[in-house]
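This is what each chain is made of:
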Amino acid sequence: MEADAVMLICWQHSVIPGLAQTPEYALAIVHGNQEAADVRIKRQSILTRNDERGPAIVVFLIDEQVLYRQVGTAETMRKQLEHLIEFSMMPNITVQVVLGSGEHDGNMGAFVVATMEDRSEVAYAETAIRSITTDDPADLSVMARTLVDLRSRALTQEQSRELIRKVAQERWT
């Protein structure tokens, strides 16, 4: 789904999304499995692809608590947050931090909505049991409403960069 998408909107409430992870962060997430980490990092090629479609447009909506949840070492976290700031400078990438504001539908789980070249949509949701891929209009409608709510709670891209920079310096240095 990612490889064919022209736009992805990613909501993540527990960790940095795989498409934005550094190799060190990815390796810590997959408990040292180098092959799994390499596959995760290779997926990021859609962000810089140079074919007729061009790079995918990606919006990363990240819960504020992700910035404080340690994955790997403090250095891993600092480098990951610095990487996130660099990513946010790319013209096809938006990074917005969703402020920790209690209950909202985004607490139900992480998901990605992919828009294809023909404007059709497919969603991918992670659960404790398994991952789900769906193009059911009812599911996509729920996710669309959730994304509207999450974006209303999010800092602007510039405010998000400032918060990420502050957390990297104050918490992970």
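Rules behind the numbers
Residues numbered from 1 in each chain as written. Predicted model: local features only at pLDDT ≥ 70, side-chain atom pairs only at ≥ 80, totals over all residues. Heavy atoms only, no water. Helix = DSSP H or I, 4+ residues; strand = E, 2+ residues; numbered from the N terminus. Expected span 1.5 Å × (residues − 1). Buried < 20%, exposed > 50% of the residue type's maximum accessible area, 1.4 Å probe, protein only. Arc of directions from axis to C-beta. Contact = heavy atoms within 4.5 Å. Polar contact = N/O pair within 3.5 Å; in protein donor to acceptor, adjacent residues only side chain to side chain. Core = buried A, V, L, I, M, F, W, Y, C linked by side-chain atoms within 4.5 Å. Salt bridge = Lys/Arg side-chain N within 4 Å of Asp/Glu carboxyl O. 1 Å grid on protein atoms, 1.4 Å probe; cavity = no way out; pocket = protein on both sides within 12 Å on 5 of 7 lines; lining within 4 Å. Points joined across faces, edges and corners; volume = space filled by probe spheres on them. Nonpolar A, V, L, I, M, F, W, Y, C, P; charged D, E, K, R; others polar. Pairing = 2+ DSSP bridges.

J.: Looking at this model, I keep getting lost on helix α4 (residues 137-153). Mind explaining?
T.: Working note: α-helix, 3.6 residues per turn, so residues spaced by three or four point in the same direction. With 17 residues, α4 ought to run about 24 Å at 1.5 Å a step, and its terminal C-alpha atoms sit 24 Å apart, in line with that. Turning to α4, its buried residues are L140, M143, T146, L147 and L150. Here the buried residues of α4 occupy an arc of 125° about the axis, which is enough to place them on one side. Exposed and facing more than 90 degrees away from the buried side of α4 are P137, R145, V148 and S152. Where α4 is buried, its residues touch β1 (5-12), β2 (57-63), β3 (93-98), β4 (111-116), β5 (121-126) and β6 (131-134). The N-cap residue of α4 is D136: its side-chain oxygen and the backbone nitrogen of A138 are 2.8 Å apart.

J.: What am I meant to see in the nonpolar core here?
T.: In a soluble, globular protein the nonpolar side chains are often hidden away together inside. Counting 35 residues, the largest nonpolar core has L8, F60, L81 and I164 as the members making the most contacts within it. A total of five residues in this core trace back to one element, the largest contributor, which is helix α3 (residues 74-88). Those residues in contact with I164, other than ones at most four positions away along the chain, are L67, L81, L84, I85, V95 and V97. Among the nonpolar cores identified, the runner-up in size contains 14 residues, and W11, V98, A125 and L150 belong to it.

J.: Even after reading the chapter, I still don't get the pattern of salt bridges, so can you show me in this structure?
T.: Once the charged atoms of two side chains with opposite charge are near each other, the side chains can pair. Per the stated rule, a full pass over the model turns up seven salt bridges. Residue R78 pairs with E82 through a salt bridge whose shortest N-O separation is 3.2 Å. One end of the pair is R78 and the other is E82, both in helix α3 and four residues apart, which spans about a single turn. Classification of R78 as partly exposed rests on a relative accessible area of 22%.

J.: Even after reading the chapter, I still don't get the layout of surface pockets, so can you show me in this structure?
T.: Over the atoms rolls a probe the size of a water molecule, and its path tells where empty space is left. Its volume calculated, the largest pocket comes out at about 370 Å³. As for the largest pocket, its lining consists of 19 residues, and the residues nearest its centre are Q12, G18, R43, Y124 and E126. Of all the elements in the fold, those that place two or more residues in the lining of the largest pocket are β1, β4 and β5. Here the element with the most residues in the lining of the largest pocket is β1; it accounts for three residues. Looking at the lining of the largest pocket residue by residue, the classes come out as 11 nonpolar, four polar and four charged. The computed volume of the second largest pocket comes to approximately 280 Å³. Lining the second largest pocket are 14 residues; nearest its centre among them are M108, F111, A125, V142 and M143. Counting residues per element, the ones that place at least two in the lining of the second largest pocket are β5, β6 and α4. By residue number, the principal contributor to the lining of the second largest pocket is α4, which donates four residues. Classifying every residue of the lining of the second largest pocket by side-chain character gives seven nonpolar, four polar and three charged.

J.: What's the story with the pairing of β4 in this structure? I'm lost.
T.: Looking along a regular strand, one sees side chains alternate from face to face of the sheet. Where burial is concerned, most of β4 is hidden: six out of the six residues are buried. The alternating pattern of β4 places F111, V113 and T115 on one face and V112, A114 and M116 on the opposite face, and all of these are buried. Across six bridges, β1 lies against β4 in antiparallel orientation. Residue pairing in the sheet places W11 in a bridge with F111 of β4. As paired strands, β4 and β5 are joined by five bridges and run antiparallel to one another. Residue pairing across strands places V112 opposite Y124, the latter belonging to β5. From the end of β4 to the start of β5, which pair antiparallel, there are four residues, and R119 there has a positive phi angle of about 75°.

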